[in-house]
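One-letter residues, chain by chain:
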Amino acid sequence: MRVVIVTESFPPDVNGVAHCALQTARHLVDRGHSPLVVAPASTALVGRAGTGPDASAPCPVVRVPSLPLPGYPQVRVALPSRRLAAAIVEHRADIVHLASPFVLGVRGMAAAARLGIPAVAVYQTDLAGYARTYMGAGEAAAWRRIRSVHSAADLTLAPSSASMHDLETHDVPRVKLWQRGVDTVRFRPELRDESLRRELAPNGEVIVGYVGRLAPEKHIELLSGVCGLDGVKVVVVGDGPSQPSLAEALPGAIFLGRRTGDDLARIYASLDVFAHTGPFETFCQTVQEAMASGVAVVAPAVGGPLDLVAEGRTGLLVPPRDADAVRDAVRSLVADPARRAAFGATARVTVEGRTWAAVGDQLIGHYGDVLAARKKTAVAA
């Protein structure tokens, strides 16, 4: 099968869309298929466009020109380019995979429709929630755009039950559930590092960590009350435009910047509690990575975490945007090491079957269903 993955982001970008697109390409190659990735030129690759090898990519990558998003230069938006349609034609695509389509993906959907090629759209980003956060309005306009592109696709894949409900409520047709995998080899409890723990918490504090983008929609400032708890050290991993304000909002917190790979896995495993605060997660991969690392989780009871965190078994769910609830949940786990350990152990067992290979095979099954439906329609015509 020849697949063109049109994605709004791709490594070296560090975010859920980029990571999922990379894992999808890897799995397709592993199963003997031929993927091609089309993505905006990233911040680390400014000035580079065209087709060629990317250091982390398992397949060719076409980079199209892009500009940084105002106020958030780590995010780049693709400019109009003929390279997209040309890449789909030259690759002789059987199917087009649209990863979180909004700008480049909209053009990818239009090109696939013109060429008569089936398309699968993967919903990954709560753009309506982002519109509320950054503009204070625009939620209805965001849903109109989401509905337009996803309705044109042969199939939309949602990462969580909550996302499926949102899409169906806004009249997006042909929606199925496709969750995300996790690398249970890289992220594992055995990587807990006592020397790192002594470095981060020299007085033996309980370490509470956040991993992710430092951006307004993540509401990391909700950890301010956790910073005030006795015997607790807050550790923040990631970068983004909110870092300067968070340094003031989270007194005493340690900011480690962006970490990836085995270094990130070691940090996860060395935490005592993982706290996520963002209310707009369609899935929340960092929660799943923390669970694979054997760490108890505190997360908002909304969106993706509702599917991931079993309340009272693998972690605690709290009302979204409630700093007091986050603080109180963390405080209860700080006071009960045995409960923390039990949550972490159960969390690890819960995710052990959620490998990228397993969910990748599910994706290939969805591709097959779409191609079969198209063939049946063509025969009937």
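Residues numbered from 1 in each chain as written. Predicted model: local features only at pLDDT ≥ 70, side-chain atom pairs only at ≥ 80, totals over all residues. Heavy atoms only, no water.

**Q** Go over the pairing of strand 4 (residues 61–64), please, and point to the residues and values.
**A** Because side chains alternate across strand 4, one face comprises the buried residues Val61 and Arg63, and the other comprises Val62 and Val64, equally buried. Note: strand 2 (residues 34–40) against strand 4, four bridges, orientation parallel. Each residue of the ladder has a partner; that of Pro40, found in strand 4, is Val64. (Buried < 20%, exposed > 50% of the residue type's maximum accessible area, 1.4 Å probe, protein only. Helix = DSSP H or I, 4+ residues; strand = E, 2+ residues; numbered from the N terminus. Pairing = 2+ DSSP bridges.)

**Q** Could you give me a rundown of the environment of Val38, with the residues and numbers involved?
**A** Residue position: Val38 is located in strand 2. You can call Val38 buried: its relative accessible area is 0%. In sequence terms Val38 and Val64 are 26 residues apart; their C-alpha atoms lie 7.3 Å from each other. Ignoring anything within four residues of it in the chain, the contact list for Val38 reads Val4, Ile5, Val6, Thr7, Val62, Val64, Leu84, Ala87 and Leu104. (Contact = heavy atoms within 4.5 Å.)

**Q** Break down the packing of aromatic side chains for me, with residues and values.
**A** Enumeration over the complete set of coordinates arrives at three aromatic pairs. On the basis of an interplanar angle of 25° and a centroid distance of 6.3 Å, the ring pair of Tyr123 and Trp143 is categorised as stacked. Taken together, the positions of Tyr123 in the loop between strand 8 (119–122) and helix 4 (127–135) and Trp143 in helix 5 (residues 139–152) put the pair 20 residues apart, joining distant regions of the chain. Assigned by exposure class, Tyr123 and Trp143 land together as buried. Ring centres of Tyr268 and Phe274 lie 5.9 Å apart, and the angle between their planes is 45°; on these two criteria the pair is classed as tilted. (Phe/Tyr/Trp six-rings, centres within 6.5 Å; stacked < 30°, edge-to-face > 60°.)

**Q** Mind laying out the sheet that holds strand 11 (residues 206–211), listing which residues take part and the relevant values?
**A** Spatial strand order, 13-12-11-14-15-16: six strands in an open sheet with parallel pairing. Strands at the two margins of the open sheet, each flanked by one partner only, are strand 13 (254–257) and strand 16 (315–318). Each neighbouring strand pair of the sheet contributes to a mean axis angle of 20°, computed without reference to strand direction. Looking at chain direction, strand 11 and strand 14 (residues 273–275) are connected through two bridges and run parallel. Within strand 14, the residue paired with Val208 across the bridge is Val273. Of the strands in this sheet, strand 11, strand 14 and strand 15 (296–300) are in contact with helix 11 (residues 285–292), which crosses strand 15 at around 165°. Most of the contacts of helix 13 (residues 323–334) go to strand 16, to which it runs at about 165°, and overall it touches strand 11, strand 12 (232–237), strand 14, strand 15 and strand 16. (Axes fitted to C-alpha atoms, helices over the stretch in contact; angles between N-to-C directions.)

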